[in-house]
Structures are given as C-alpha cells and as structure tokens.
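Reading the structure
What follows is the residue order along each chain.
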Amino acid sequence: MSGIHIDDVSRQFGDFTALEEVQLQVREGEFFSLLGPSGCGKTTLLNLIAGFLDPTRGRIMIGGKDVTGLPPYRRGLGIVFQDYALFPHLSVFDNVAYGLRIRKQPKKEIKRRVEEMLALVQLSSMADRRPHQLSGGQRQRVAIARALAIEPSVLLLDEPLSNLDAKLRKAMQTELRTIQRRTGVTTVLVTHDQEEALSLSDRIGILGHGRLQQVGTPLEVYRRPANRFVADFIGQVNLIQTAVAAERSTGRNRHAAIDYEIAAGVPLLLETTGSAEGSGLYMIRPERIKIALTAGNSGEANRAPGVISHVGYAGDQVRLHVQLAGKGELQVVASDPLFPVLPSAGDRCELYWDAEDVIALPPEGV
Amino acid sequence: MLLLSRRKGCRVVARNTVVRRTLSFYWLMLSPALLFLLAFLVVPFIMLIVLSFREVDSLLNVLPSYSLKNYTEIFTSASYLTTIRSTLGVAALTTVIVIIAAYPAAYLLVRTGSKGLRTFFYILLISPLLTSVVIRTFAWIVIMAQNGLLNEALLKLHLIDKPLSLLWSMKAVVIAYVQVMLPFAVLPIATSMGEIQPKLRQASMSLGAGRIRTFFKVTFPLTLPGLLSGAAIVFSLAAGSYITPLLVGGRLQPLLPLSIYQQAVQVFNMPFAAALSMTLLVLVAIVVGLISWISKRWEARLHD
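Residues numbered from 1 in each chain as written. Chains lettered and ligands numbered in written order. Predicted model: local features only at pLDDT ≥ 70, side-chain atom pairs only at ≥ 80, totals over all residues.

With respect to the overall build of chain B
On a plain count of helices and strands, chain B comes out with 13 helices and two strands. If you line up chain B on its principal axes, its C-alpha atoms span 100 × 70 × 35 Å. With 304 residues in all, chain B has 32% of them scored as buried. Contacts in chain B between residues at least 24 apart in sequence constitute 71% of all its contacts with a sequence separation of at least 6. (Helix = DSSP H or I, 4+ residues; strand = E, 2+ residues; numbered from the N terminus. Buried ≥ 20, exposed ≤ 12 C-beta atoms within 10 Å, placed from the backbone. Contact = placed C-beta atoms within 7 Å.)

Structure (structure tokens):
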C-alpha cells in the first residue's frame, strides 16, 4: 500500500496540452476520485499513473519511488478498465490467476489467492465460466478480483461502472467501497459521474481544461467550490454575476456588507463571508434558497420578491425557476413536503437565504 | 372483424408471393455462375474421379474396366510414398515459416498509426499478387542463379570463393513459396489482430506481463483463428502449386504436382495422373479439414 505523488506533471499531444502542471498527492489507503467532464484530461492522468503514457514534464512517485518512465508491467498497479478487458479465451479462474502466473507463484498459492479473491467479489461459483457467459456486473467483479489478486500498491479504476445500468451501478458502488475498505488499497477512481465521486470518495480531484481545479473532500468541493468551473460542474448552482454597487464595512467579524445588484435595478443587501473585494461572482445552491409563498413575513435580511416562472415536480423535491423583479432568475429546489398544494407558474413568492450560503467565487481567468 | 382478418390474410399471401418472386429472381441472377461451375468444375471433377479408377493397356489407351490398381501402385511404391511425404513436408514447412514471418508484418500493418503509411504497407503487401506467379518466381531465378544477384554480391564481398548452388533444390522451392504466399497469411492474421481490443494488451501489461509475454499469452491465442485460416490457404497452395517448384526446383523434385504434370503431359497416363490428383486432393482436404476443425473448436471456446 502506498500513496501517489504527482509532481508538477504536464502532458502534451502535439500542440494540444492535455494536462498542465498537475500537482497532486493521493494518500495511502485513500479512495480518491478524479472527476471531470469528458476531455478534461482525467484519462490522460490515469494513463500517466498506469505508465501507458509518459509525462512531457514532471515526475510521478508511487510509494515514495519515482516511477516516471517505468513501463506499466513494472509498476505493480491493479487496473480495472471501463469495458472490463477480461481475456475472452481464459476462464474466470485463469483471468484472476493471470498476474500471479506471470509472477511465477507456486500453483498452490495461486489457487489459494484466486479463491480468496473470487470469494471477496462473491463469484466463487463462477470460476469455470468464460467472460462471455457472465453478466456485466459479474464481469466487473472479475476485473476487480483480477486487479486485486496481484496485491497492487494502487488500484486504478477507469470509469468502471459506466457500462452498467443505474440500479446495478448503485449496488456496485457500495460493493466497490466495501472491497476497498476491506483491502485498504489506495484507490484512484476516474469518473465523469459526480454523484459516484461524491458518494464513494474520501477526497475528489476535479479536473477541467487540463488543470486540477480543486482537491478536497466531497463536502468541501460541493459546499465551497474553489472557482466557477467547480461550482458549475458539481451539482446545480445559481451563478450571480454582479456589479458591486457599494461596499461598507460593518466591522463585525470582518464581514463586508456588499450592495450588489442581482439584476439590473434590483439592489440586494448581502452579508458575505470571506473577502470578495471587487469581485462580482457569487454562487448559491438552489437547495439553499428558501421560498415563501406569502411575501413580507420572512424577516430575513437577504430576501427578494419574485414570480415563479417554472415548476418541475420530481417526487421527492420540487424544482422552481423564480423570476426576480427585473431580469434575474434563480433556480430553487424545495423539498416536496413544503407545499401542501403545488405552486404554479405566475404565482408570487419571496426568496430568502442565509448570508453564509452565498459563496464568493474568484473572478474568471484565474 | 371478418373484413380485417381477410385483409390481413391477403397481405400475408401478397408477402409470400413477393418473397417467392425475389427468391426466384436471385436464382435467375445466380444461374450463369452456377452453370459455369457445374460445367467446368463439378462435371470435370466427377470425370476425374471416374478416370482415376480406370486401367490402361501397354500403349496407355484407357480401358473400360475399373480397378484400384492406380491407387495400390501409388501407396505401395516407395518413390511415390516419398513424393507424398515430401509434398506434405514442404507444404508444412512453408506454412510454418510463412506464419512466423507473417506475424511481424501483420503487427506492422495493425499498429501503424498513420493512415497513409498503413495504406502504403497494404499496397506493398498486395502488389506482388498483381503480377503473375511466373514473373514472381522468375525473379527468384535471377536472384539465386549461379551468376545471379546473390552469388555476385557474395563473391564481390569475398564471403565465398565460388558461386553457391542455390537453385534447383527444395530449399529454393521453400524460399520462393514463402515469398509468394506471405500475403495470404498476413491478411487474415492482421484482420484478427485488428479485432483485439487494445485494452486487453494494456490489462496484460498492468498485470506484470512484458511485451513478449503479452504476445504469447494474449495476442497469439486471440489471433489463432486468423493464423489457422492463413495456414489452411498457404498449406493448400503450397501442396498444390506447380509453376513455382518447376521453375526454381526443377521438374525432378519429388512433389505431387510435378508428378501429376509428368504423368498427364509427358507419359500421357491419364488415369494414373487422375489418381495422383485425387490423392493430393484428399490429403490436402484432410489437413485443411483438421485445421478448420481446430479453428471451430477455438472459436466456440471464445464465443459459445
């Protein structure tokens, strides 16, 4: 077991820069996810860790050892591929035994280890089957068993669940996490599925435009996104670009009270934490905005009257679009029990929110 | 309701008629080719089988009686048994060498990234097939003759004192065969190699296998269907070719096609030539049948 240290790694393909100056530390025993939209460079980073690609610049260390330039077969990593990549000519047993046979382990030891791995993924009864006789979920588990059989220092998962249907994916997520906890292997999951990353990982690294945008726990990246890219990519968000109308220091906890306009001609008083001097980009999550259908009695400092322009009922929650007086529009997510009767488009309402739920984002281009 | 079902019935009938009409149209389109095959392949083939059981008199006139005499002569004469053995041996040796030589070429075809370069390699591989086998084989005479290119070069380099005798031997036959038949093995092997998911090689490498072990444990088993169909083609061509061994090996080499030619054109013993032909055909059929049986077994292992 060992951590991964990615030290200032860049990778170019001709003129195209797939990854730029990535600095990342994956801790020992950690479940780490690399999350990003397609084309963000996450697969390139995985291939660099695996050794299928070499970095143009920088170093990669695994377990304190510099592996830059080392071929994949010398790195001792377990990799689970998106389409499983099971050997079609070998049985389940032989697939799992593959790495052990390459390592010339004694037959008895191979048998013991393969049986142990198949028990871990609950496929002991399938040892003699061939990959094409298995379901997608079973193939996935064989691929995990095969990767873990060689006792890898690091387990790399390349979009391992994207070929499974939604229900099976949920089940496999739980299983993946259980297996990871039980073996304690340092795991790097590459995914474009934010929910998967949020629910499985200890920490997440968000990649966008070839750069590491933010590294943090699921809570941190969701609640305190480092920039517009992360805020926009993870979850739903109201991004508010405003002009700072006036700034007054209240002196209380060094909070700055900022007058800004949420839409032309609609000034809003907001108390924001952090220093947002001069910056005019804010975000607030739709589920952080509270809604009252009767105006004027909320008593909150931050409030705005509006008109509901769209109602989307999703069972457990209701998604609303609220047109503020003027041009601005906010998305609001409210839980179902809040409304005895569903509001309809055209209804008047009042929105209010806590000051700490409004997050200042650094200006664009940083 | 009644109306509806009747109308449905009408449609079914109409569709059947259409199907029947298209089918008969296909047969019509096929009939020239089928007639051609019947007249120039099936009929002569049956005649050949019948002829092989005929006897001849001392003047080599074909007699109306039937016997197994031709076949007993082939399978009891030491010289014909040697011929059979060396025919199969040369074909097998050629097949093995061609397969070994075909793998690097197939690998190059499949792994070349640039599309233009790959097209160039394909053209390079196929272009010999555009010229006649006589010309291709004749080129080997130019290279391997006593005063040929190879001997001249070796003499100039003072590697040898006197010219090597390369032509008119089985060695020369095998060398020429390998060159002539290489494309027939490269193409099917390249095809099955191209169908292997690149991820499989990556998976093998991630599990600790280097390139060579990955080849033998993943690439080779998965290209076996291509290898076997290439082997079947090369083996049957090598066992049945006549021009190549005649030109570079000489007419006295113990090879069945040369013996058949001798019996049919020089000795003019048609029934015996027919019996030799049938012997060659059956032997090749057995080998090719065996190869395709192995291939089917292997495919079943992969997919059923």
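Side note on the sheet that holds strand S2 (residues 16-26) of chain A
Residues and elements named next belong to chain A. Pairing is antiparallel across the open sheet formed by four strands, whose spatial order is S2-S1-S4-S5. Looking along the sheet, the strands with just one partner apiece sit at the ends: S2 and strand S5 (65-66). Relative to strand S4 (residues 57-62), strand S1 (residues 4-13) is paired through five bridges, and the arrangement is antiparallel. The residue of S4 that forms the bridge with Ile-4 is Ile-62. (Pairing = 2+ DSSP bridges.)

Topic: unusual backbone geometry
Residues and elements named next belong to chain A. A positive phi angle is found at Glu-151, which is not glycine, with a value near 45 degrees. Relative to the assigned elements, Glu-151 resides in the loop between helix H4 (136-149) and strand S7 (154-158). For Glu-151, a count of 15 C-beta atoms within 10 Å gives the class partly exposed. One non-glycine residue, Glu-159, lies in positive phi territory at about 40 degrees. By the element assignment, Glu-159 lies in the loop between S7 and helix H5 (166-183). The class of Glu-159 is buried, set by 20 C-beta atoms lying within 10 Å.

A few points about the interface of chain A and chain B
Counting from both sides, the interface comprises 18 residues of chain A and, opposite them, 18 residues of chain B. Per element, the largest residue contribution to the side of chain A that touches chain B is three residues, and it comes from helix H2 (residues 92-102) of chain A. When grouped by side-chain class, the residues that make up the side of chain A that touches chain B number 13 nonpolar, three polar and two charged. (Nonpolar A, V, L, I, M, F, W, Y, C, P; charged D, E, K, R; others polar.)

Concerning the confidence of the model for chain A
All names here are of chain A. Predicted confidence across chain A gives a mean pLDDT of 84, with 85% of residues reaching 70 or more. Of the regions scoring below 50 in pLDDT, residues 248-259 engages in 20 contacts with residues more than four places distant in sequence or in other chains. Scored below 50 in pLDDT, residues 263-267 makes 15 contacts in the model with residues more than four places away or belonging to other chains. (pLDDT = per-residue confidence, 0-100.)

Overview of the sheet that holds strand S9 (residues 203-208) of chain A
All names here are of chain A. Taken in spatial order, the six strands of this open sheet run S6-S7-S8-S3-S9-S10, and their pairing is mixed. Looking at the sheet topology across the chains shown, the edges are occupied by strand S6 (78-80) and strand S10 (211-216). For this sheet the average axis-to-axis angle between neighbouring strands, irrespective of direction, equals 15 degrees. Direction of pairing for S7 relative to strand S8 (residues 186-191): parallel, over a ladder of five bridges. In the strand pairing of S8, Leu-157 is matched with Leu-189. Where helix H1 (residues 42-50) meets the sheet, it contacts strand S3 (31-35), S6, S7, S8 and S9, and its direction lies at approximately 150 degrees from that of S7. (Axes fitted to C-alpha atoms, helices over the stretch in contact; angles between N-to-C directions.)

A look at the packing of helix H10 (residues 224-240) of chain B against helix H13 (residues 270-303) of chain B
All names here are of chain B. Look at H10 against H13: their axes get within 9 Å of each other, and the N-to-C directions meet at 175 degrees. Classified by the interaxial angle, the pair formed by H10 and H13 is roughly antiparallel. The residues of H13 that touch H10, namely those facing Leu-224, Pro-225, Leu-228, Ser-229, Ala-231, Ala-232, Phe-235, Ser-236, Ala-239 and Gly-240, are Leu-280, Val-284, Val-287, Val-288, Ile-291, Ser-292, Ile-294, Ser-295, Trp-298 and Glu-299. A breakdown of the residues in the contact of H10 with H13 according to their chemical character gives 14 nonpolar, five polar and one charged. (Parallel < 35°, antiparallel > 145°, perpendicular 65-115°, else oblique.)

Notes on the domain arrangement of chain A
By domain assignment, chain A separates into domain 1 (4-233) and domain 2 (238-361). Between domain 1 of chain A and domain 2 of chain A, the residue contacts involve six residues of the former and five residues of the latter. (Domains from an automatic or database assignment.)

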